[in-house]
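Observations on the three-dimensional arrangement
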Amino acid sequence: MSASLSFAAPTEHGPQDITLSYTRAGAGEPLLLLHGVGHHRQAWDPVVDILATERDVIAVDLPGFGRSSALPRGLPHDLPTTAAVLGAFCTELGLDRPHVAGNSLGGLLALELGRENLVRSVTALSPAGFWTQTERRYAFGLLTGMRRTARSLPLPLVERLSRTAAGRTALTSTIYARPGRRAPEAVVAETLALAHAEGFAETLRAGRTVLFADDLPGVPVTVAWGTRDRVLLPRQGVRAKRIIPRARLVRLPGCGHVPMNDDPALVARVLLDGSRTRPAGALGTSRSAVAS
């Protein structure tokens, strides 16, 4: 089910009207899915059907991305504001401390929701915020280059490129290790989503000083990293483990920065394992991936 939800979100300037677009499928404990910067909720499509066999899956377009409206003028696209919006979104949907999984920016937001004790568990796939400043500048440079390319290409050319594996590689190899597996229509849609993302520049601007430096002692955490991530290098997962020592750190062999398309079965198993109710501190190794 695809829908939009308008609601008043709490901000430092008082309640503000926000509209977020989302899809919902399946049944079971709720699992909220958060995409990365410049992407949209369809990034999760390769794993939604698997997850929906065991979870009530809600994939949402973040503010200023996909079909969701940007934040009202004057509100920063920063962690506290976006987390407050997502918290209000969950309240409006009647989600009582859902599990949350996120990729890249979405992984950082998932950890922020965990820090605010708004969720039952966190699974973060290549989360932002564990970089050095050199690594951050490198990642932002890659993303900005992708954005510039997406905005410069005429739609007929994007459609033509998407029809071949070589063209899909040219458009998406920065984020996928196996870009040829991405469906042509999905490549067109995500190229347009990147080109038209209203929140892109503001989100990167707000992220320049972001470092995640807090443990989450009361929330089960899984951090997973693709071994072929070209945007946020896998060594950042080791830093995440040092900062969140009870977290389960999982390698995703052969996966890139957005691993859901590279190995849907593996990523779905990691997400389902990460969202199983268990006491914080009882984080074992995954049966479905190589734990570090």
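Being a predicted model, the structure only gives us computed values, none of them experimental.

**Brief notes about the environment of Ala52**
- Relative to the elements of secondary structure, Ala52 occurs in the loop between α1 (45-51) and β4 (55-60).
- Residue classification places Ala52 among the buried residues on the basis of a relative accessible area of 17%.
- Note: C-alpha distance between Ala52 and Ala268 (216 residues apart in sequence) is 10.0 Å.
- For Ala52, the contacting residues outside a window of four places in its chain are Ala25, Gly26, Ala27 and Val57.

**Digging into the side chain of Arg182**
- Inspection of the secondary structure puts Arg182 in the loop between α6 (165-172) and α7 (184-196).
- Residue classification places Arg182 among the buried residues on the basis of a relative accessible area of 6%.
- Here Tyr176 takes part through its side chain, which lies 3.1 Å from a polar atom of the side chain of Arg182.
- If we ignore the near neighbours within four places in the chain, the residues touching Arg182 are Gln42, Ala43, Pro46, Arg168, Tyr176, Val187, Glu190 and Asn261.

**Digging into the pattern of salt bridges**
- Considering all chains together, one arrives at 12 salt bridges under this definition.
- In this structure, the salt-bridge partner of Arg24 is Asp56, at a minimum N-O distance of 2.6 Å. With Arg24 in strand β2 (residues 16-26) and Asp56 in strand β4, this residue pair connects regions lying 32 residues apart in the sequence.
- Assessed through its relative accessible area of 23%, Arg24 is described here as partly exposed.
- Asp214 is the partner of Arg115 in a salt bridge, and the nearest nitrogen-oxygen pair spans 2.6 Å.

Conventions adopted
- Residues numbered from 1 in each chain as written.
- Predicted model: local features only at pLDDT ≥ 70, side-chain atom pairs only at ≥ 80, totals over all residues.
- Heavy atoms only, no water.
- Helix = DSSP H or I, 4+ residues; strand = E, 2+ residues; numbered from the N terminus.
- Buried < 20%, exposed > 50% of the residue type's maximum accessible area, 1.4 Å probe, protein only.
- Contact = heavy atoms within 4.5 Å.
- Polar contact = N/O pair within 3.5 Å; in protein donor to acceptor, adjacent residues only side chain to side chain.
- Salt bridge = Lys/Arg side-chain N within 4 Å of Asp/Glu carboxyl O.

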